[in-house]
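Residue-level structure breakdown
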Amino acid sequence: MKKLFSGIILLSFGILVSCGQKEMNKFPDYTKLEQDLYIKYFSQNEEGREIQQGDVVTLDMKYTTEDDSVLFESQPGQPPVTLQADTGSYPGDFMGVFIGMHEGDSASVLVNADSFFIKTAGMPQRPNFVDSGSVLKFVINISRVQSMEEMQAEQMQKAAEAEAKESEVLTQYLNDNQITVEPTASGMYFISKKKGSGKQAAAGKTVKVNYAGRLITGEYFDTSIEEVAKAEGLYDERRTYQPLEFPLGQGQVIPGWDEGIALMKEGGEATLIIPSNLAYGANPRPGGVIQPYNTLIFEVELIEVTD
């Protein structure tokens, strides 16, 4: 059974209390759906779209121990929880609760923790801090129901809109800064600031590069230079600031770097304006300054080239 999860950490649990099958009777206001799977509705929206097998469900979710100690809770501003509805792969599978529910429904669900960890979450064994037979309580609020095709079409539309916006912002930046160099065939802008006189960088060679990276808005996100880090509020005393060393053309850096550095010689300095398709695209590293479809600008200095 194919399952899609996002925005949910299945492994971050605290101490759970012991609860066997008969302890399910502690919750008389819940309705038994099947073995080890119980539900209590807070609200039912029968006018809402009914969930069918294979639909993508977007929801807010919280799950707790029996005594309501929170183990996970959806947070505003974070990616929502999404999953693909299915019938469940075994009796009592949490995933089996969604089919037949509706967009707008809100409910609490009880599941067996052993089965959830091992069968649903796919862990090799129940964590040793979890008592056998314990119960997890899920509170779910279903905000959206889509078919897989609808979700994919929406994602494609959003991507096209974001790419168009990025292009618009880049064009404005080039105009505002009177940048007239032509882009390379890939779409990167290489602006030479100082011609190097040493060895030519090339794919397969190892290079050392000093750099400072910023967004097109001017906000710095990374640098190898301590003085820049301090000036831009990025300084981390645990870090050693030194040139970045890597083999060129091996995919160990973003494509825009592999292309741009290969145009330089030792001692050279340049500005690389790198559109997102040559950087981190739609899926940059989470938690950082870089967002989806961000054009990046790097000031780079090629320190050394070795075979």
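Residues numbered from 1 in each chain as written. Predicted model: local features only at pLDDT ≥ 70, side-chain atom pairs only at ≥ 80, totals over all residues. Heavy atoms only, no water.

1. Some details on the overall build of the chain
If you tally the helices and strands in the chain, you get four helices and 13 strands. In terms of overall size, the chain is more extended than a compact globule, its C-alpha atoms giving a radius of gyration of 26 Å where 307 residues would be expected to give roughly 19 Å. In terms of its C-alpha atoms, the chain occupies a principal-axis envelope of roughly 80 × 45 × 35 Å. The buried share of the chain, reckoned over its 307 residues, is 43%. Considering only contacts in the chain between residues 6 or more positions apart, those separated by 24 or more positions represent 72%. (Helix = DSSP H or I, 4+ residues; strand = E, 2+ residues; numbered from the N terminus. Rg over C-alpha atoms; globule rule 2.2 N^0.38 Å. Buried < 20%, exposed > 50% of the residue type's maximum accessible area, 1.4 Å probe, protein only. Contact = heavy atoms within 4.5 Å.)

2. Some thoughts on the packing of aromatic side chains
Per the counting criterion, the structure on display carries 13 aromatic pairs. Each ring, one from Tyr211 and one from Trp257, has its centre 5.3 Å from the other, and the planes form 80°; the classification is edge-to-face. Here the residue Tyr211 occupies a position in strand S9 (residues 206–215), and Trp257 occupies one in helix H4 (residues 255–261), the gap between them amounting to 46 residues. Trp257 matches Tyr211 in its accessibility class, with the two residues each being buried. Between the aromatic rings of Phe246 and Trp257, the centroid separation amounts to 5.8 Å while the plane-to-plane angle is 45°, which identifies the pairing as tilted. Of this pair, Phe246 sits in strand S11 (residues 244–247) while Trp257 sits in helix H4, and the two are eleven residues apart along the sequence. Taking relative accessible area as the criterion, Phe246 reaches 3% and is therefore assigned buried. (Phe/Tyr/Trp six-rings, centres within 6.5 Å; stacked < 30°, edge-to-face > 60°.)

3. Some details on the confidence of the model for the chain
Segments scoring low in pLDDT should not have their predicted coordinates read at a detailed level. When pLDDT is averaged across the chain, the result is 90; 92% of the residues are at 70 or more. Long-range and interchain partners of residues 1–22, a stretch whose pLDDT sits below 50, account for 72 contacts in this model, where long-range means more than four residues apart. (pLDDT = per-residue confidence, 0-100.)

4. With respect to the environment of Ala202
Tracing the sequence through the fold places Ala202 in the loop between strand S8 (189–194) and S9. Measuring from C-alpha to C-alpha, the distance between Ala202 and Met264 comes to 8.6 Å, with 62 residues separating the pair along the chain.

5. Looking at the layout of surface pockets
In this structure, the largest pocket occupies an estimated 880 Å³ of space. Pro79, Gln155, Ala282, Asn283 and Pro292 are, among the 27 residues lining the largest pocket, the residues nearest its centre. In terms of residue count, the dominant contributor to the lining of the largest pocket is helix H2 (residues 148–176) (six residues). Split into classes, the residues belonging to the lining of the largest pocket amount to twelve nonpolar, eleven polar and four charged. Considering only enclosed or pocket space, the second largest pocket measures out at about 350 Å³ in volume. In terms of lining residues, the second largest pocket is bounded by 15 residues, among which Phe221, Asp222, Tyr280, Arg285 and Ile290 are the most central. Within the lining of the second largest pocket, the residues separate by chemical class into eleven nonpolar, two polar and two charged. (1 Å grid on protein atoms, 1.4 Å probe; cavity = no way out; pocket = protein on both sides within 12 Å on 5 of 7 lines; lining within 4 Å. Points joined across faces, edges and corners; volume = space filled by probe spheres on them. Nonpolar A, V, L, I, M, F, W, Y, C, P; charged D, E, K, R; others polar.)

6. Here's the deal with the pairing of strand S6 (residues 106–112)
Put simply, side chains in a regular strand alternate between the two faces of the sheet. In terms of burial, S6 is largely enclosed, as seven of its seven residues are buried. Note: strand S2 (residues 37–43) against S6, six bridges, orientation antiparallel. The residue bridging Ser43 from the neighbouring strand is Ser106, located in S6. Sheet topology note: the S6/strand S7 (residues 135–146) ladder contains seven bridges and is antiparallel. Note on S7: the bridge partner recorded for Val109 is Phe138. (Pairing = 2+ DSSP bridges.)

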